Each structure stands twice: as C-alpha cells, then as structure tokens.
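So you can see what is in the structure, the chains are spelled out below.
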Amino acid sequence: MKKFYLVLLLIIPCTLISQDYYQDINTNSNVSLRSALHELINDHNTVSYNACKNHLKNTDEDPNNANNVILIFKQNSISKDNFASNSQADFWNREHIWAKSLGNFSPNGDFGSNPAYTDLHHLKPCDMSVNASKGNKSYDEGGNQHYEAVECNYTTYTWEPADNVKGDIARILFYMDLRYEGGDGEPDLTIIEEVNTYPNPEIGNISTLLLWHLEDPVDEFELNRNEYIYGVQNNRNPFIDHPEYVALLWESYFNCINLSTISYIEPCNAIEGCNNESACNYDANATVNDGTCVYPENYLDCYSNCINDIDNDNICDELEIAGCTDPNALNYSSNATEENFSCEYQFNSSNTLSLQGILDLDLPSAGNDGKAIHLIAIEDISDLSIFGIGVANNGGGSDGQEYVFESISVSAGDDILLARSPDALSTYFADCFENFEHVLQANVNIGHNGNDAIELFEQDQLIETFGDANSNGSGQDWEYTDSYAYKLNENQWINAAVNCTDNSISTQSSSCPYPICNVIVQNQQAISVTAGWSIISTYILPENPAINELLSPLAGNLNIAKDNFGNAYLPQWEFNGIGDIQIGHGYYVKIDTESILTLYGDYTHPEENPISLVNGWNVVGFLRLDPHPLDEIFAYLVELNFIIIIKDYLGAAYLPEWEYNGIGDMHPGQGFQIKTNGSCILQY
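Below is a summary of the structure that appears in this document. Because the structure is predicted, anything quoted here is derived from the model rather than measured. (Residues numbered from 1 in each chain as written. Predicted model: local features only at pLDDT ≥ 70, side-chain atom pairs only at ≥ 80, totals over all residues. Heavy atoms only, no water.)

## Description of unusual backbone geometry
Heads up, the condition is: Note on conventions: DSSP H or I runs of at least 4 residues are helices, E runs of at least 2 residues are strands, and numbering of each starts at the N terminus.
Look at the link from Tyr198 to Pro199: it is a cis peptide, with omega at 5 degrees. Its location among the elements puts Pro199 in the loop between strand E10 (190–191) and strand E11 (202–203). Residue Asn205 follows Gly204 across a cis peptide bond; omega there is -5 degrees. Following the sequence through the fold, Asn205 ends up in the loop between E11 and helix H6 (206–215).

## Considering the packing of helix H3 (residues 49–59) against helix H7 (residues 220–233)
Heads up, the condition is: All axes here are fitted lines through C-alpha atoms, helices being fitted over the stretch that makes contact, and every angle between N-to-C directions spans 0 to 180 degrees. When the near helix sits turned anticlockwise from the far one by under a right angle, the crossing is termed left-handed; a clockwise turn instead gives a right-handed crossing. Throughout, a contact is declared for two residues whenever any of their heavy atoms are within 4.5 Å. In this classification, Asp, Glu, Lys and Arg are treated as charged, Ala, Val, Leu, Ile, Met, Phe, Trp, Tyr, Cys and Pro as nonpolar, and every other residue, Gly included, as polar.
In the contact formed by H3 and H7, the axes pass within 9 Å of each other and the chain directions differ by 145 degrees. As H3 packs across H7, the resulting crossing turns out to be right-handed. Side by side, H3 and H7 meet where His55, Leu56, Asn58 and Thr59 of the first sit next to Phe221, Arg225, Tyr228, Ile229 and Val232 of the second. Grouping the constituent residues of the contact of H3 with H7 by class yields 5 nonpolar, 3 polar and 1 charged.

## Thoughts on the pattern of salt bridges
Between side chains of opposite charge, a pair can form when the charged atoms approach closely. Let me state the cut-off plainly: Here, a salt bridge means any side-chain nitrogen of Lys or Arg that lies within 4 Å of a carboxyl oxygen of Asp or Glu. The rule is simple: take the accessible area with a 1.4 Å probe, protein chains only, and divide by the maximum for that residue type; under 20% is buried, over 50% is exposed, in between is partly exposed.
The tally for this structure, following the rule as stated, stands at 18 salt bridges. Taking the shortest distance from any N to any O, the salt bridge between Lys124 and Asp60 comes out at 2.5 Å. Of this pair, Lys124 sits in strand E5 (residues 123–127) while Asp60 sits in the loop between H3 and strand E1 (61–62); the two residues are 64 residues apart in sequence, bridging distant segments of the chain. According to the relative accessible area criterion, Lys124 is buried, its value standing at 4%. It is possible to trace a salt-bridge network through shared partners that takes in Lys74, Asp90, Asp127 and Glu148.

## Focus on the state of the cysteines
This is how it is decided: Defined by distance alone, a disulfide is two cysteine sulfur atoms within 2.5 Å.
With the rule as written, the count across this model stands at 6 disulfides. The disulfide bridge from Cys306 ends at Cys316, spanning 2.3 Å between sulfur atoms. Residues Cys306 and Cys316 are joined through a disulfide that is left-handed, its torsion about the S-S bond being -95 degrees. Here Cys316 lies in the loop between strand E15 (288–289) and strand E16 (322–323) and Cys306 lies in the loop between E15 and E16, a separation of 10 residues in the sequence. Exposure class is identical for Cys306 and Cys316. Each is buried.

## Focus on the side chain of Asn618
Put simply, the rule reads: N or O atoms within 3.5 Å of each other form a polar contact, as long as, within protein, one can give a hydrogen and the other can take it, and as long as residues adjacent in sequence are counted only when both atoms are side-chain atoms.
Note on placement: Asn618 falls in strand E38 (residues 616–621). A polar contact is formed between the side chain of Asn618 and the backbone oxygen of Gly616, at a distance of 3.1 Å. Once residues lying within four places of it in the same chain are set aside, the contact partners of Asn618 are Asn564, Ser612, Leu613, Phe672, Gln673, Ile674 and Thr676.

Now the structure itself:
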C-alpha cells in the first residue's frame, strides 16, 4: 500500500526542484531522514519583517492578475497595494500559519523576531479581520461557518481552511515541525494530536493534517512559491518537493490510513493494555483497553496510602469519625478517630470562688470605667486561672466563658476586683479601694450593661450565675443599671436602686455607697432591706434618731415598721408609735421591693453600748463593722444559760442546748430575735 502511495506522489512534476538539493538525503529510516532534512533546511537566510511584506506580493501573486495577491483563508484576489498598514477593513496583512504565540517567537517573545518570525515558508497574505478570527487556533475539521471567510469553519480551538489550500497548510506546518527543533535559541515546534495547545510550542491535529496532505496534493502555485522562497532564504520546503517524505516521517499514522478512501483504519496500531490514566497499572503506550486496569480503593492511592490525611494518623480524612476519644470522658466514643473536643467529664466544683458584687457604676469618666465584677475567695486558691467570667448580653443566653483569670494565687477571704478601669475605680472608691486584695484588668468582653446576667466558670463549667442569662434584666428586681448588686450571703443578693450612682464623684458621695466601703467609712451604713418582712439594725447614731426620719429613704415602699414591744410606725397614716430608735435594738420592717437604706451619723462602738435583754423575746442589732460568728458573740451568755434560741428573719436558728448554729455569722445591718430565760446584758 505504502509503495503504491509513494509511486502516486512521485508523478507530481518537479522540474523546478534543484536536481542536487536532496542528493545527500538518507531515507533508510525516519530518524535518519528527519536529521538529514533538518540539517539541509536549517540556518536559512533571514529577511526583515518589513521585507516579508514585499516578498509575499511575489510568493502569493494571483496567476491571473499580476497586480493582486491571493489571500489564504478568504481565497479572494486583492490588490498588492491594499496592505492594512493602518488596520483598514478588508485589506491584507501577514498571517503566521503557525501562530507565533504557539512558540513564543514574536519580537517580544523568548525567541525574538528571527528566524521563525520572518520565515516566508509559513507567512501568507491574509484578510486582516480573518487573521484576527483565526488567532492561534489549531487545525481540524468541523465547526461553524465563518461569516467572512465562508469556505472556512471554526470552533473554540480549531480552524478549518478552504479545501483547495488544506494541503498547503499541512505542508507548511510539516516544514515548521522539521525546521525548528530548538537549537541555537530557536523554538522547538511539534505537531501533536491535540488542539488546545496554548501556550505550549505545539499545534494540531497531526492526523487531520496528514489527510489534508493527501486530499489536496502539491500544485503549481505551491511549487512556484517554494522556488521563489528558495531564492530568498536559500532553503526549501521538502514536503512540496518530496511529498512522500511525509509518509516516512509520520509512518505510524500513515500505516493506519486507507489510501483508497483517505481515511483512518481504526483501531490504529492497537496496543492492548490499561489505557486509563487513573488506574494503578496505566500503560501510556496502550491504545486499546484490555480490561486489566487496577484501581485503588476509595480515598487511597495506588500504594494504599491515604490521598488526604492532614493529621498523618493513617486514617483518611474522608473516613475520620469525629467524637470524644478520651476513655475517661462521660461521652467517650470507641468509634471516634478524630478528637472534636466535645468530651464531657464528671465535674465537681471546688466552691473556692464566689461572685460577691456586680458593678455598673456611673463614674465621672463615664464609658466602661465603672464596669467591674467583685469576687471573693472562699478558700485558698493556688491558681486562679481555672476560673473565668462570661457576660450574657441582653438576655440572649449564655455566651460561655469570655475572660480567664490570671494565673495567680489568692488566700481565703481575699476580695478580687475584675475591672475595666482599675485606675478610675481606685479614684472613685478612695481609701476603701484597699479592701480589694487583688485588682485585675478586665478585657473588652467585661462590658456588661446593668441588665446583663454574669456567669462564673470553673474549668469552663458554669458554677454560678447572677441574674437570668435568658432574660433582659431591664425592669427586673436584679437590674443594676448605674448601680450595683451585692451578695449578702450564699442565698441572698441585694440591689442598690437603679441609677443611684448617677452624677456621683465617689461612692461615699452617692446615695448608695458600695458595701465594701462600710469598713472604712464609719459615719455611714448601707443596709440591704429585702422585699416583704425582714429585721434590720444599724451601728449608726443619726443626728435625728426618729424612726420616721431614719426610714424616710424608703418612703413609698415601706408598709410598716415595728419594735420588739409591738409599737408601730405606719407611714401611710404618718403615725410613729416607736419614736426614736435605740442603739443595739433591731426592728421589723415590711417593704414592697428590695431596697438599700443608707444612713449617716456617728459610729456606735459595741464595746461602749451594752444591750439590755429582757426575760423572753428580744430583737437586737449587730454593732460591728465586719461579720462575726454568732456563737462567739453570745458565748458568755450561753455559758450562763441565759440563751434559749436565736433566730434571723429567714427563720434560721441557733440552739445552744444542741450546739447547733444554723445562722452562722452575724452581719452588719441585720437584726436577730433572741429568747432568754432571764434579764441580762449583751456586750461584745
């Protein structure tokens, strides 16, 4: 078949071919032939790009009109003078059949402007706009008809020229593949079986170009053109002079062509094997899949290694099971392979730290300066950083732990102040600021409003809450806007009146001094009065001791006050049956809402004010500035068998006969019911 084809091609006239140009060409093998032909046409004479314009007027002259040239794609005849020097529509310019971007051999490219840029063998006159449409497309069959070059079709990556120049195009590209093999700073151009080749120095499709070479044999126009260029560049296009060389250089493809039908016989050069690139036994030489492909398991490569294993634990990321991996956790999952930090543990609070006060004071410096949280150490704490604080903003539920305490040690009874502005609070509290053993700088998350709940955490577990994390505190009995809340005991908080610190210069000048300052400021006392019935007392001797004057700050909230003898003060009726208060006595009061009663006057030392107790029931006050164990205060009278029972307003009792103290400490501002079995004097 091949011999028939070679004989067929050799009948083409070759009278213009130099008789001795190819005399040393070795055709024994395609390798020898390629090497010999390349050396023959290499290192040709180059001309300037401007000179190419004039040469093309001769290489592609219209045989029927010496004043015109034939345009390669549009196939029309146009005046040689109609060169598109200023981008004129329908004029001609120089088309690189092998697009210069597919080899980077333009003047600004890696390989400069010569010799490929000005090689006349692949330069053709072309309609300027058609040239732009063709761009750097490869060559293949099919596509849409071009609106201007109506004999041409195109797709995104391919261009199909008119039938009568398909062979011309093919042989030009064969020449470029042979001529430019990358030597001496030249591009290495290759025709391949692919069309989307940019920016590689490649063009396609080789199989289509070979068919075009057969379908459109060399004609006189090509022979004349080749001869002229030989005279200019001193090299020829061998595939015009010897079309049979194409069959030798691309032998593997030609072996698959049916020369009778000029079509490919499929499969061509079939090589059986696994031709799937994703298979582990992929054979790049295989053209026919023989069903032997072996594929890796899901998520593994061909060596049984995970494709994705970010933590390098030999478990593929796609197969990881998130969960708690700690066997000591309550929610340990034996199936979990990836720790997701969801482990839950049995938690028992140490009960060594407690909330003591929540401050939202209106300081002269304004802003967040008055926002602070007061805590108290119940026992020694070696590392305070196991605790943290969270602010539940606007009743939106818990935000979790937002501040972690510094890693410091504190002692039992230490007062700790976590403040946004320690300096501003130091000025505001003055001397009583020294009552805080530890003052810590808060972060921006400690920016609670007076209606936000506060949460105390230990080891990231919630252990105490002030307020309601799911409720906005505005209008609630625990609101502390421009005020404070203070814990009296484990079960009782007091709230100073909302806005009671407005426009104050110091806590002492406000209508609600912060309770910790009472130990320093002995001429005033802030007493928490709970809603409903309670028993209060004071260590202050006011300038006006009348009980109606003493309780006037509670006006509108107070229902009744009574002494131990049943005498009453009824503010609604402006009736004072009690008269003046007695130092050391306690008084029953009933109010509608919890309040802070602040009294001013002289401090009455307990040592100087013995309290007379009658046989039976009494109501006494507490005259010390600091809390003190009740059983120690009454130890002398218990030893003399005077005390039967002592009760606070909540009903908690001290029963000396049973050595039971359910009250604990006596606190300033509180009153106590005492039943004796005889008259006696209490002094401490």
